[in-house]
Amino acid sequence: MLTTLSVPLAYISTRPRHATLPAQMATVPRSPNSLSVSNVMSSEQTMQSKRPALVIIMGTSGCGKSTIGEGLAATLEVPFIDGDNLHPQSNVDKMSRGEPLTDQDREPWLQRIHKHAQELSDAAENRNSKRPVILIACSALKKIYRDTLRGEEHVNDDTHFLPIQTFFLYLKGSREALQKRMAARKGHFMTERMLASQLQTLEEPDLSTEKDVREVDIDRSREEVLAEAVAATQTLLDL
Ligand SMILES: Nc1ncnc2c1ncn2[C@@H]1O[C@H](COP(=O)(O)OP(=O)(O)OP(=O)(O)O)[C@@H](O)[C@H]1O
Ligand SMILES: O=C(O)[C@H](O)[C@@H](O)[C@H](O)[C@H](O)CO
């Protein structure tokens, strides 16, 4: 488990929350030479390309969420938060005793992750037309958990600067690979005894319906997994 990383200063602004879009995003800039509508981005496209993105690195315990999340954050120069650090203490205590979490245990945690990401993106400086991106490691094992993280019910909540858009990077591994990695890891509250319940709970994303998910096969070196994760994140952010 990694500790929570602080958000780089470049991402923090003192701007108050906006209920409306800032002027530069609500209008489409036109140069005198580009009169054709097809030459300019529609304001909807502009807004979409600026909409802050939350990329959830998901999968069972031991799949490499913290390891790959850290590497991705360093490569893409964006903030990374380990979702383990947002669990209520009661959840950590429960997992440490070897007891799997229930839907009720996970619900406040998932809500907290979504809220935390939205707050970070509300505070993000919208510089140089760069899209703010936040990475969070979170198991997101079931479809209903992923829907909570998608937070679509908050999209029309106009207290936010722009509602965050959620994507998932699923680190997929065989039982054998996961078992081996958990067994080799020392000093983590989640021991390999918990793997069976993690796999039992896991509802693998259906890529034909959950179009905001990309899969990455973890059964390779860290460098290879990271390279694929970087490429997959870039394709996700172009959606
Ligand atoms: N590609 C890889 N090859 C070999 N070992 C790896 C690879 N990726 C991660 N590991 C190792 O596997 C173990 C599990 O990785 P990590 O702790 O990042 O997983 P996690 O998904 O964050 O787990 P948890 O959810 O339980 O915190 C760690 O000891 C890590 O160093
Ligand atoms: O959904 C869950 O069962 C938990 O979130 C776990 O996945 C842990 O957070 C993590 O894997 C422990 O390190």
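The shown structure was predicted, so the numbers you read here are calculated from the model rather than taken from an experiment. (Residues numbered from 1 in each chain as written. Chains lettered and ligands numbered in written order. Predicted model: local features only at pLDDT ≥ 70, side-chain atom pairs only at ≥ 80, totals over all residues. Heavy atoms only, no water.)

Caption draft 1: Layout of the overall build of the chain. What the chain contains, in helices and strands, is nine helices and five strands. N-terminal to C-terminal, the α/β element order of the chain is α-α-β-α-β-α-α-β-α-β-α-α-β-α. A buried classification covers 46% of the 239 residues belonging to the chain. In the form shown here, the chain has an accessible surface area of approximately 12200 Å², with 53% of it arising from carbon and sulfur atoms. (Helix = DSSP H or I, 4+ residues; strand = E, 2+ residues; numbered from the N terminus. Buried < 20%, exposed > 50% of the residue type's maximum accessible area, 1.4 Å probe, protein only. Areas by Shrake-Rupley, 256 points an atom, 1.4 Å probe, with all protein chains shown as cover.)

Caption draft 2: Layout of the pairing of strand S3 (residues 133-137). Of all five residues that make up S3, five are buried, and the element is covered over most of its length. Residue alternation in S3 divides its side chains into two sets, Val133, Leu135 and Ala137 and Ile134 and Ile136, and both sets are buried. Sheet topology note: the strand S1 (residues 53-58)/S3 ladder contains five bridges and is parallel. Among the inter-strand pairings, Leu54 is bridged to a residue of S3, identified as Ile134. Inspection of the sheet shows strand S2 (residues 80-82) paired to S3 by three bridges, in the parallel sense. The residue of S3 that forms the bridge with Phe80 is Leu135. (Pairing = 2+ DSSP bridges.)

Caption draft 3: Focus on the site of ligand 2. Near ligand 2 lie 13 residues; those nearest to it are Asp84, Arg106, Ser139, His188 and Gln198. At a separation of 2.7 Å, an oxygen atom of ligand 2 approaches a polar side-chain atom of Ser139. Contact distances for ligand 2 include 2.7 Å between an oxygen atom and a side-chain N or O atom of Gln198. Protein chains shield 97% of the accessible area of ligand 2, which is 330 Å² for the free molecule. Of all the cavities here, the one that holds ligand 2 is the largest pocket. By residue class, the composition of the shell around ligand 2 is five nonpolar, five polar and three charged. (Near = heavy atom within 4 Å. Polar contact = N/O pair within 3.5 Å; in protein donor to acceptor, adjacent residues only side chain to side chain. 1 Å grid on protein atoms, 1.4 Å probe; cavity = no way out; pocket = protein on both sides within 12 Å on 5 of 7 lines; lining within 4 Å. Sits in = over half its atoms within 2 Å of the grid points. Nonpolar A, V, L, I, M, F, W, Y, C, P; charged D, E, K, R; others polar.)

Caption draft 4: Structural view of the site of ligand 1. Ser61, Lys65, Ser66, Thr67 and Arg220 are the nearest of the 16 residues found near ligand 1. In this structure, His188 approaches ligand 1 through a side-chain N or O atom, which is 3.0 Å from an oxygen atom. In the model, a nitrogen atom of ligand 1 is placed 2.9 Å from a nitrogen or oxygen of the Arg220 main chain. Here ligand 1 loses 84% of its free accessible area of 630 Å² to cover by the protein chains. Structurally, ligand 1 is housed in the largest pocket. Those elements that provide at least two residues to the shell around ligand 1 are helix H3 (65-76) and helix H9 (222-237). With three residues, H3 is the single largest residue contributor to the shell around ligand 1. Looking at the shell around ligand 1 residue by residue, the class counts come to two nonpolar, eight polar and six charged.

Caption draft 5: Main features of the packing of H3 against H9. Viewed as axis vectors pointing N to C, H3 and H9 meet at an angle of 60°, and their least axial separation amounts to 10 Å. Here H3 lies oblique to H9, going by the angle between them. When the axes of H3 and H9 are compared, the crossing they make is right-handed. Residues Thr67, Ile68, Gly71, Leu72, Thr75 and Leu76 of H3 form the contact with H9, whose participating residues are Arg222, Val225, Leu226, Ala229, Val230, Thr233 and Gln234. (Axes fitted to C-alpha atoms, helices over the stretch in contact; angles between N-to-C directions. Parallel < 35°, antiparallel > 145°, perpendicular 65-115°, else oblique. Left-handed = near helix turned anticlockwise from the far one by under 90°. Contact = heavy atoms within 4.5 Å.)

Caption draft 6: Highlighting helix H6 (residues 143-150). Inspection of H6 places Tyr145, Arg146, Thr148, Leu149 and Arg150 among the buried residues, and these make up the whole buried set. Phi turns positive one or two residues past the end of H6, at Gly151, with a value near 55°.

Caption draft 7: Quick peek at the nonpolar core. One finds Val55, Leu72, Val133, Leu135, Leu169 and Leu171 to be the most contacted residues of the largest nonpolar core, which totals 33 residues. Elements that contribute at least two residues to this core include exactly S1, H3, helix H4 (89-96), S3, strand S4 (165-172), helix H7 (175-184) and H9. Other than its neighbours up to four places away in sequence, Leu169 contacts Val55, Ile56, Ile57, Met58, Leu72, Arg214, Val216, Ala229, Ala232, Thr233 and Leu236. Trp109, Ile136, Ala140 and Ile164 belong to the second largest nonpolar core, which has 22 residues in total. (Core = buried A, V, L, I, M, F, W, Y, C linked by side-chain atoms within 4.5 Å.)

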